[in-house]
Amino acid sequence: MRERREKIIDAELVIYLLLLLVVPLFLVKGFTHEPSTGKHLIYAVGFSIILLLNVLRKKEIRFKYTYAHLFALGFGIAAIFSLISVQIDNPQYLRYSLDVALFALFVPLTGIYLSNKMNTRTKIELSMLFFIMGATVVAIDAMLNYYVGYDLFLGKIGEPFTRASARSTIGNPNFVSDYMGMALPMVFYFIASATPLKRLFGSALWKQILLKASMLVFMIPMISAIFIAETRTVITGIFIGNLLFAGFYLLLRKRLERASSDRREKRIVLLFVLLALIIIAVMSYLYLTPSVLTGGGKLSVTKRLEYALTSSNSWKERFSAWLNSVYQWIEPKNKLRLLVGSGIGTFQLYHLLYTPNVIADHPEYSAVWNNFKRTHNDYLQSLSETGLLGFAMILLFMIFLVWTYFRRLFHIKDRTNLLLYGAIGAGIFSLSLHSMFEFPLHMQPNLMGGVFLLSLAVGVYFNDQQKEMKIGKSFSAAIIIAFFAVITFLKTTAYAGEGYFRMGQRDQQYYYAYLKEYSKADINTVNKYLYDLEHFSGNYAYLKNLAEYFSVRGSELRKKYPNLSSLQLSIKAEEERKNEIENIRKQLLDYLDRAKLLKNKAQEYYNSAVIHFRKSFSIYPVFGKPLWYLGGFGVKPERLSLEGYSLKDKIKVLVGEDPYADLIVKEFKGTDIIPLPEKEIRTVPFKAFFESYGSAISDQISFQIDVNLLAQIQMTLDAIDYYEASMIFFSERQTPKIVGSLYEQLYKNLKAYLLEMPQKVDGLDMQKLRSLIEKLKNYTAEMSIYYYDLAVTLLPGTWSRYPDWESIYSQYMNAVVTTQDQPEEAMKMLIDIAGKHAFISVAMWNGGRYGIPDDTLELCFKYAKEHLIENVTLYRKFMEEVLMTYSGIKALIADKIETVTSDKLKQRMKNFLQIYDVISSTLE
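Here the structure is a predicted model, which is why all the values come from computation and not from measurement.

Parameters and conventions
Residues numbered from 1 in each chain as written. Predicted model: local features only at pLDDT ≥ 70, side-chain atom pairs only at ≥ 80, totals over all residues. Heavy atoms only, no water. Helix = DSSP H or I, 4+ residues; strand = E, 2+ residues; numbered from the N terminus. Buried < 20%, exposed > 50% of the residue type's maximum accessible area, 1.4 Å probe, protein only. Contact = heavy atoms within 4.5 Å. Lys, Arg positive; Asp, Glu negative; His and termini not counted. Charge placed at Lys NZ, Arg CZ, Asp CG, Glu CD. Patch = residues over 30% accessible without salt bridge, like charges linked within 9 Å, V, L, I, M, F, W, Y side chains within 5 Å. Areas by Shrake-Rupley, 256 points an atom, 1.4 Å probe, with all protein chains shown as cover. Salt bridge = Lys/Arg side-chain N within 4 Å of Asp/Glu carboxyl O. Core = buried A, V, L, I, M, F, W, Y, C linked by side-chain atoms within 4.5 Å. Phe/Tyr/Trp six-rings, centres within 6.5 Å; stacked < 30°, edge-to-face > 60°. Lys NZ or Arg CZ within 6 Å of the ring centre and 35° of its normal. Axes fitted to C-alpha atoms, helices over the stretch in contact; angles between N-to-C directions. Parallel < 35°, antiparallel > 145°, perpendicular 65-115°, else oblique. Nonpolar A, V, L, I, M, F, W, Y, C, P; charged D, E, K, R; others polar. pLDDT = per-residue confidence, 0-100. Polar contact = N/O pair within 3.5 Å; in protein donor to acceptor, adjacent residues only side chain to side chain. Expected span 1.5 Å × (residues − 1). Arc of directions from axis to C-beta. Pairing = 2+ DSSP bridges.

**With respect to the overall build of the chain**
- The helix and strand inventory of the chain stands at 36 helices and four strands.
- Dimensions along the principal axes, computed over C-alpha positions, put the chain at roughly 105 × 90 × 65 Å.
- Residues counted as buried form 55% of the 924 residues belonging to the chain.
- Of the contacts made within the chain by residues no fewer than 6 positions apart, 79% connect residues no fewer than 24 positions apart.
- A distance of 12 Å separates the average location of the 104 positive side-chain charges in the chain from that of its 86 negative side-chain charges.

**Describing a nonpolar patch on the surface**
- Together, Ile77, Phe81, Ile84, Ile88, Leu336, Leu339 and Leu388 make up an exposed nonpolar region whose accessible area comes to about 580 Å².
- Put simply, the parts of the chain that give the nonpolar patch at least two residues each are helix H3 (67-81) and helix H4 (83-89).

**Comments concerning the pattern of salt bridges**
- Applying the stated rule across the entire model yields 39 salt bridges.
- Put simply, Glu574 and Arg577 hold a salt bridge, and the shortest N to O gap is 2.8 Å. Of this pair, Glu574 and Arg577 both sit in helix H23 (residues 566-619), three residues apart, which is roughly one turn of the helix.
- The exposure class of Arg577 is buried, given its relative accessible area of 10%.
- Its salt-bridge partner being Glu582, residue Arg585 comes within 2.5 Å of it at the nearest N-O pair.

**Quick look at the nonpolar core**
- Counting residues in each nonpolar core, the largest one holds 139 residues, and the members touching the most others are Phe690, Phe878 and Tyr886.
- Looking at this core, the element that brings in the most residues is helix H31 (residues 766-794), giving 13 residues.
- With residues up to four places along the chain from it excluded, the contact list for Phe878 reads Met827, Leu830, Ile831, Cys860, Tyr863, Ala864 and Leu868.
- Formed by 122 residues, the second largest nonpolar core is a distinct cluster that contains Val55, Leu114, Ile226 and Tyr249.

**With respect to the packing of aromatic side chains**
- According to the stated counting rule, one finds 62 aromatic pairs in the structure shown.
- Ring geometry for Tyr786 and Tyr787: centres 5.1 Å apart, planes at 90°, overall edge-to-face.
- Tyr786 gets classed as partly exposed once you look at its relative accessible area, which sits at 30%.
- An aromatic cluster is defined as three or more aromatic residues linked by ring pairs; in this entry it consists of Phe501, Tyr511, Tyr512, Tyr606, Phe613, Tyr620, Phe623, Trp628, Tyr629, Phe633, Tyr723 and Phe730.
- Sitting above the plane of the Phe103 ring, Lys491 keeps its charged end 4.4 Å from the centroid.
- Sitting over the face of the ring of Phe861, Lys865 holds its NZ or CZ atom 4.6 Å from the ring centroid.

**Concerning the packing of helix H2 (residues 35-56) against helix H19 (residues 444-457)**
- One way to put it is that H2 packs onto H19 with a least axis distance of 8 Å and a crossing angle of 40°. For the element pair H2 / H19, the angle class is oblique. Contact residues: H2 offers Ser36, Lys39, His40 and Tyr43, while H19 offers Gln444, Pro445, Met448 and Val451.
- Taken together, the residues of the contact of H2 with H19 break down into four nonpolar, three polar and one charged.

**A few points about the confidence of the model for the chain**
- Mean pLDDT over the chain works out to 92, with 97% of the residues at or above the 70 mark.
- Across residues 1-5 the pLDDT falls below 50, and counting only partners more than four positions away or on other chains, this stretch makes 14 contacts in the model.

**Observations regarding a negative patch on the surface**
- On the surface, Glu667, Glu678, Glu680 and Glu782 cluster together to form a negatively charged patch.
- Its place among the elements puts Glu680 in the loop between helix H26 (647-654) and helix H27 (687-693).
- Residue classification places Glu680 among the exposed positions, given a relative accessible area of 56%.

**Looking at the side chain of Ser382**
- Position of Ser382 among the secondary structure elements: in helix H17 (residues 378-409).
- From its side chain, Ser382 meets the backbone oxygen of Tyr379 in a polar contact 2.5 Å long.
- Here Ser382 is in contact with Phe75, Gly387, Phe391 and Ile394, once residues within four sequence places are set aside.

**As for the environment of Leu338**
- Considering the arrangement of structural elements, one finds Leu338 in helix H14 (residues 337-340).
- Leu338 has contacts with Trp329, Ile330, Gly387 and Leu388, leaving out every residue within four places of it along the chain.

**Here we look at the environment of Pro736**
- Within the secondary structure layout, Pro736 lies in helix H30 (residues 735-756).
- Placed 51 residues apart in sequence, Pro736 and Tyr787 show a C-alpha to C-alpha distance of 4.9 Å.

**Observations concerning the side chain of Gln505**
- Relative to the helices and strands, Gln505 resides in helix H20 (residues 473-520).
- Judged by relative accessible area, which is 17%, Gln505 ranks as buried.
- Sequence-distant contacts of Gln505, defined by excluding residues within four places in its chain, comprise His33, Phe613 and Tyr629.

**Examining unusual backbone geometry**
- Positive phi values are uncommon outside glycine, yet Ser168 reaches one of about 55°.
- Residue classification places Ser168 among the buried positions, given a relative accessible area of 2%.
- The phi dihedral of Leu197 is positive, around 55°, even though this residue is not glycine.
- Examined against the element boundaries, Leu197 turns out to sit in the loop between helix H7 (173-192) and helix H8 (198-201).
- Here Leu197 falls in the buried class, since its relative accessible area comes to 0%.

**Some remarks on helix H36 (residues 903-922)**
- Look at H36: 29 Å from first C-alpha to last across 20 residues, which is about the 28 Å you get at 1.5 Å a residue.
- Three or more residues of H36 are buried, namely Leu905, Arg908, Met909, Phe912, Leu913, Ile915, Tyr916 and Ile919. The arc that holds every buried residue of H36, seen down its axis, measures 155°, which confines them to one face.

**A word on the pairing of strand S1 (residues 61-65)**
- Only one face of S1 is covered, namely the face carrying Ile61, Phe63 and Tyr65; the face carrying Arg62 and Lys64 is uncovered.
- Across five bridges, the pairing between S1 and strand S4 (residues 467-471) is antiparallel. Bridge assignment links Ile61 to a residue of S4, and that residue is Ile471.

Right, here's the structure in full:
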């Protein structure tokens, strides 16, 4: 652990120091979607260059390692093995998991490099200094976000005093505070150490004072960022970790060699330590009490901490995600998952699919479900995604890390090294604790910080006794180049794909903004005004001739021109009449021009958004969000209006050759892990018919069979296919609901079309077309029910968090009423839906929320009155089943109604009880 006489700064270290600055701060306005994606790319490219330089400058490659390094590499290998499950269950998602797995293998290699590279205290301290500088900018940016709603890199981002605004360049307030949790112990080290960076800065007292004063300044925004993020685990981890760090240091320092005998240095250290403690105390007081810094109490860390301790829902929210992860791991249809997991990077795709399993065993969790894309426990997520193999590697890594750390801690003989090792341990402790309740290691800056600290903890500077390995130079270079090529390609396409998606989102925002303004324009009224003006009718009848004009404006004109003769006044009045006509016409035409401009701008941004979403998926074809948005844009008026489509273009739509739909994934190649009703996704029901008769269809025939409507039906099917294709790569709770509603609308359109379609058209086999329409109508009915049922199966409750979801059961019932012609079948389905709604309503109450199935009860009653009233037997049977189905929730609502404080909820509860009583009375 002694300083070695070697070159302190070389090209490799310079690149690494730049990474410590650039990675946490890298954002590109208007192009960055997930902040860590671009940061992953920079880290991978930067370290590939570092490793290659390291190999090229040496004659032979020697490095030292511990068991901790081997088990970290073992996790990367386990991540590679987890791809087996992805290949079995969802091979089309494999590229994404491969990207994550290779990076999981690459990162430990960077850790081994750092463990060997950071072989002097000066290198460690210099790296820590750059880490602190980057963290300070992140913290300042978080403060600006929170207090001003302004970002250094993105500009205006939101409203002040909003917790979510404190995301800074990391991507989430929780991980901003986590980053500070790693940086703060480093700051404390520089303050408490006598002469840090002595070899670079020298031992001049003023230089040390300047360095320590800088650290005090850096500490202020860091502490602020921790408080405004309100991350309970990080606050706890920082407090306990730094307390342990200080405790061990005070306990062990007396038996160690003094770092310096200079009394001035000692006094300076004591002074700055005291100042640091004062700053911490003052800032803690200001942030834990109503003050200017808390916006007079808008920010309340204590309330958030109290909520975590007193609210069971806060814990259940995490437990539901943890259980979800476990259920993915023990999937009975794929026993291989027990060993290799579901595949690294799959939780974000599968989490919604296993929600029914969690709620079946814990119905009350339906009240606290959150749309988590991560397990919020990195240890459990490693078990879920990489199985026992990956989890064992993590566990063994942690065991050897802790054993190595404490074994070395008690053998350190230098106070400064003890201080340094304690600071490293405090940062690791904070990160490790936070990883139990969040996913900081998924964020590249936090991952980079974690790798840095962990590499130091088991590195050569603190651990003399390590194993050594020698690898051939050519082999090493080949491995690095291969890693560089593959990872760079994967990370570049991921970043570019997300970037174009972000551009599409921006275009979409402009599209909706212009569309909203255009919708306010009353075009019909203005056109009517123009018509009236041209024909001198309505409001403009007085402009028809001079006599009419003078009868309305005469008094006004005489006052305006008092000295004119009758003839002169008539001449002037005619001028005024013509000018008024022109002014009104100009105003009306200007209004229409502005409306046309708004419409054109909306169309422009619509087209641009579609182009960017298409480019996004073309570049990165495992990113499902663009497909989801293309599905949404596929049913916008800009497409369904068929504006600009010739008859030939419409025929292309009907035979499946429309360029808009060419990115639809044709089929799903995995198992039933993705709940698609059919493996074949692309649906083109009229393809064969219009391939046979397309050339014979004239404009007249097109009008007769309403090709426009048929093309719009196919366009809607294209949109549905995009939504279905997105399910292979992207989990979105709204997808089944949207698809169910689109199929329901198609059913209505097809049913209406069958009533209006001609019996005979020259040159066409209308019987064949009618058969296709009938078949498609039945298919849309079946699919509508399938997707609505999928919606309530995957996500039965949670309207306490997502209010729009509360109506899903009534929408499902309406779809049944619309698509089911047989009363017996409709009754059976309605009772089944009612049972599901009643069950989950009880579960929501038991989870501390509310569940009032008043809308579905009313729909059942309405259906009975409209469809069953003439059949007394069916009516009575249905109503009895309805009462029985809702009896449990009825008793619960009757019991809860007096405890509810919301007038709106109380009225709904009364309404439910009244309908229930009315149904009961009809059966007496």
